[in-house]
Structures are given as C-alpha cells and as structure tokens.
Amino acid sequence: MNLKHLKSGTDIRGSAVEKAEKHDYDLTDEVVQRFTAGFVDFLMKKTRKEKLLISVGHDSRVSADRISVAVKNELGAFDVNIIDCGLCSTPAMFMTTVVKECDGAIQITASHHPWDRNGLKFFTRDGGLESEELDEVIAFAENYIPKGSNIKNTEKKIDFLSDYSKILRDMIKKEVNAENYNKPLDGFKIIVDAGNGAGGFYAFDVLEPLGADISGSQFLEPDGMFPNHIPNPENKEAMDFAYKATVSAKADLGIIFDTDVDRAGCIDKSGLEINRNRLVALAAAIALENNDGGTIVTDSVTSSGLTDFINNHLGGKHLRFKRGYKNVIDEAIRRNKNGENAPLAIETSGHAAFKENYFLDDGAYLVTKIIILAARLRKEGNDLSSVISSLKEPKEAQEIRLNILCENFKEYGQKVIKELTEYASKTDGWLLANDNYEGVKVSFDKDNGNGWFLLRLSVHDPVMPLNIESDEFGGNKIIIEKVRSFLSKYEYLSKF
C-alpha cells in the first residue's frame, strides 16, 4: 500500500470523514493501524525496549474518537501500555514523555485544516519525529498487515490537561511573584477564543483559578465542526472574531489559539493585533531578557523592521531561515549544539519554541510567557504595546501564490529559481540577499520600490509563494512589475 502521499512535513494528514458524495477517505482504520504499528516498530528500535508506554490524545475533530480506537487497538496488539489522555493539546501530548515518562506519544490532529481532515503526530522524548524518521514509519506501514487486536487491559485513562494546566499556573505564580501569590492575575480581564478547538482549558483551568476575569471569552467548548470560525491565528476572519471580543469586553488582553494549541496570537487592550512580525518581536523580547546577544531564528518572510528591532533595539541577532516551523526549530537546535545561544525559534504563523521549554512549539506556553510579562509591566504602569513600540513595520506586505501547472513541479520550480537568481545577479538595481536560505531574495533601493521580494518553492505543493514587502506606499506595485516582467516567459507558471 502506498502511503507516502499522506506525509505532510513531519506529520501524517488526510481526509478522515466519509461524506455522502464521496464514499472513500484516506485515514481508514486500516491505514491508521498501519501507521501506529510503524511508530511502535520505530520506538522499539530507538529505545531498545520490548514493553513500551505510549500516550494517545486528540483535538476536537469529529473523527477523533474513531481514529483513537484504531490507534489503541493496534497498540494493544503489540501489548503496549497505553495512557489515554482523551482531549488534549498537541504540546501537552509531548509533555507526557517528560511528566509521565512515556516512551512515545501519538496526537490525533490536523492543526487548522478543515473539519473533515485529520492526522497523526508522533513524539518521542526528543520531540516530534524528523522527516527522515517519519519516512521509516511510513516504510514499515506500507508493508504491514494490521493485527486488529483488542486492547489487552493495558489502557489507563487520565486527565493530563489538568496536570499540564497546573504546570502553567505554577509558572505564572512563580514568575509574577505577586503580593497575592495564588491570585497573580487578580484585576486582569483576559478573553480566550479557542475556536471550538482544544484550547478552552486555558481559560477555565489556567486563567480563572489565578484570579483573571475571563468573561467575554468565546468558542471554548470543543466542537469538531468548527461552527464559528477556522481555529487559526493566521486567518483574518478568526483574528477579527478575537479582536471584536477583546474590544467589546474591554479586556486587558485577548488570546486566540489554533485547533490543537501549538500556535497562538494576541490582541492588546487597545485592539492592536499581536501576530506575525509583532508576535515575533514580543516573543524575542521575552526570550532575550536573560540571553543577551542571543540568536532569534525565524522563517524567511519576516520583515526588515523586525531585523532592526531584534538586532538594534533588543541587542540580539536575527537569523532568517527556511519557511516551515520544523525547519526553524531544527536550525535553532543545531546552532545551540554548536555552541551558539539561540533561545527562541519562531515562525510568523505563530509557532514559537523556547529553548527553556524543550524547543516545543506551544501556543499555551507562549501566551503564558506573554501574560507574565504583562503582569510585570502592569506594576510599572506599562503594557505590552510599550515593548514593541519601536518595531518599524512595512508600509506594504503581501503574498502571492503562483501555481506550477506541470507534473514535475519541483524540478520546474527549481529551474525558475535558478534562472531568476542568475538574472538578479546581472541586473542593475537588483541586490541578491547574502543571508537567504531558500529560494531567491532580492532587495531594491528607494528608486526601485524600496523593499524586497522572496520567491521560493513550497515544500509539498505545486506552488511558488512570492512574498513582497516595501517601506513606502506603492512600492509593492513597482517590485511586482519587475518580477512579473521576468516570470511572464514561464508557460507553466500561473500569471499574476
């Protein structure tokens, strides 16, 4: 059975709901069992243990219960000891390998993808599987026949989100160190928009017990149909919902999570949306507090103003790396191993991973760090906006996604990038970036758009994202015309 098409980065993802108009779907019980067996085989080789302890959890998707049963049945066939965490965030599932000493963890999630999709994310105590490690799981799964056994009385159900919430509460108590130690958020009004994903626990189990007023919070109840909006901090409609709730409640802070809580965004009391470059800037300020000169690793589409903010206002070093949160995290880990202090890896999508937290991309942990900072600032009569007030933002920024209209799209995209790079190197006014790790990035002076573009090849899809940024109004149009004049000759690249 060919299962490679279900690989998405370092996760497994596919359609998981049988619809009336479509009587087939990717993540059948058999397919789920094959992947589960592949992970067990991988773990046995990695740990050299025959008796494993594996945790299983899921977000709020409608297919979660069915897939969870399939996973646990196959684990039972291998006589694995199972900890069933039920509804859980993805970062909390990793933490079961730390707190509960599980050999591995399986989270059933498809992040922000539509309600009818689902997937599997695998963790060891070293973090999420690398792409090459997932390839090993897939190779085993493709040649495995599921045993389909029932669970052999090895399952233990626990409410791990409660344990995880206590970790976050204790962290806030300790680091805020308020006069009323057990109620450090007394007087704070914080709203949470969980988008009917798994993040509602943060309002009920973290904020409210610490004294925060959470009235005005919305969509906290899990509902796998996501009836109100897409649970995605990058989505404009979702951010609009969170913005309106924050302003309407006159809250000190608004929080929005994605479905499985590995990403987050914020809105301050003035209504300023703290996401993308602003979120990176705020997280960098937090990470560099006790890490003078540290390196902040981000994805490739962050702004020039952010580089100036990190390097010249925070005293750190900004490294733009490849797009993709796992790429960013792995690069930060690599640099730390080589002796460089890189305390934070963060992508503009909201994936933020602190060195102090196992380089785990965790939206709840990020928000907790932000709340601790907000509580400290309140004592000084300041708020979060004061921390990033010197961040210079581009006048214009946009992304255009160009479709590659041929089968060998990777080869074609690489050809476009190679030829565009050669053209830029020979053209007056086109300045190739010397710190770029993917695609081709070119800067322009004030007479030619006063900004830059980055053209890269999507990791999985037949798409070439084109990011453009300018420090003057009308600059993007000038830059786009320059790029369009070159790309117009490629017949298998969509026009724009």
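Refer to the structure printed above.
Residues numbered from 1 in each chain as written. Predicted model: local features only at pLDDT ≥ 70, side-chain atom pairs only at ≥ 80, totals over all residues. Heavy atoms only, no water.

A separate point is the layout of surface pockets. The volume enclosed by the second largest pocket comes to roughly 340 Å³. Taken together, 19 residues line the second largest pocket, and the ones lying closest to its centre are Asp126, Gly127, Gly128, Lys326 and Ile333. Ranked by residues supplied to the lining of the second largest pocket, first place goes to helix 10 (residues 325-337) with 5 residues. Across the lining of the second largest pocket, the residue classes break down as 8 nonpolar, 3 polar and 8 charged. (1 Å grid on protein atoms, 1.4 Å probe; cavity = no way out; pocket = protein on both sides within 12 Å on 5 of 7 lines; lining within 4 Å. Points joined across faces, edges and corners; volume = space filled by probe spheres on them. Helix = DSSP H or I, 4+ residues; strand = E, 2+ residues; numbered from the N terminus. Nonpolar A, V, L, I, M, F, W, Y, C, P; charged D, E, K, R; others polar.)

The tally for this structure, following the rule as stated, stands at 37 salt bridges. In this structure, aspartate 59 and arginine 61 form a salt bridge, with 3.3 Å as the shortest nitrogen-oxygen distance. The class for aspartate 59 is buried, based on a relative accessible area of 0%. Between lysine 317 and glutamate 340 there is a salt bridge, and its shortest N-O distance comes to 3.8 Å. Placement of lysine 317 in strand 14 (residues 317-320) and of glutamate 340 in the loop between helix 10 and strand 15 (344-346) is noted, with a sequence separation of 23 residues between them. Residue glutamate 340 is classed as partly exposed on the basis of its relative accessible area, which comes to 23%. (Salt bridge = Lys/Arg side-chain N within 4 Å of Asp/Glu carboxyl O. Buried < 20%, exposed > 50% of the residue type's maximum accessible area, 1.4 Å probe, protein only.)

It is worth spelling out the nonpolar core at this point. Among the nonpolar cores identified, the biggest contains 72 residues, and Leu185, Ile190, Tyr202, Leu207, Ile255, Ile371 and Leu384 are the most heavily contacted of them. Ranked by the residues each element gives to this core, the list is headed by helix 11 (residues 363-379), at 11 residues. Ignoring any residue separated from it by four or fewer positions in sequence, one finds leucine 207 in contact with Leu185, Ile190, Val192, Tyr202, Ala212, Ile214, Ile255 and Ile371. (Core = buried A, V, L, I, M, F, W, Y, C linked by side-chain atoms within 4.5 Å. Contact = heavy atoms within 4.5 Å.)

On to the sheet that holds strand 18 (residues 396-403), then. One open sheet accounts for 5 strands, arranged 18-22-21-20-19; its pairing is antiparallel. Looking at which strands have only one partner, the edges of the open sheet turn out to be strand 18 and strand 19 (431-432). Note: strand 20 (residues 440-444) against strand 21 (residues 451-455), 5 bridges, orientation antiparallel. Bridge assignment links serine 443 to a residue of strand 21, and that residue is tryptophan 452. The sheet contacts of helix 13 (residues 475-487) involve strand 18, strand 20, strand 21 and strand 22 (463-470), and relative to strand 22 the element is tilted by about 145°. (Pairing = 2+ DSSP bridges. Axes fitted to C-alpha atoms, helices over the stretch in contact; angles between N-to-C directions.)

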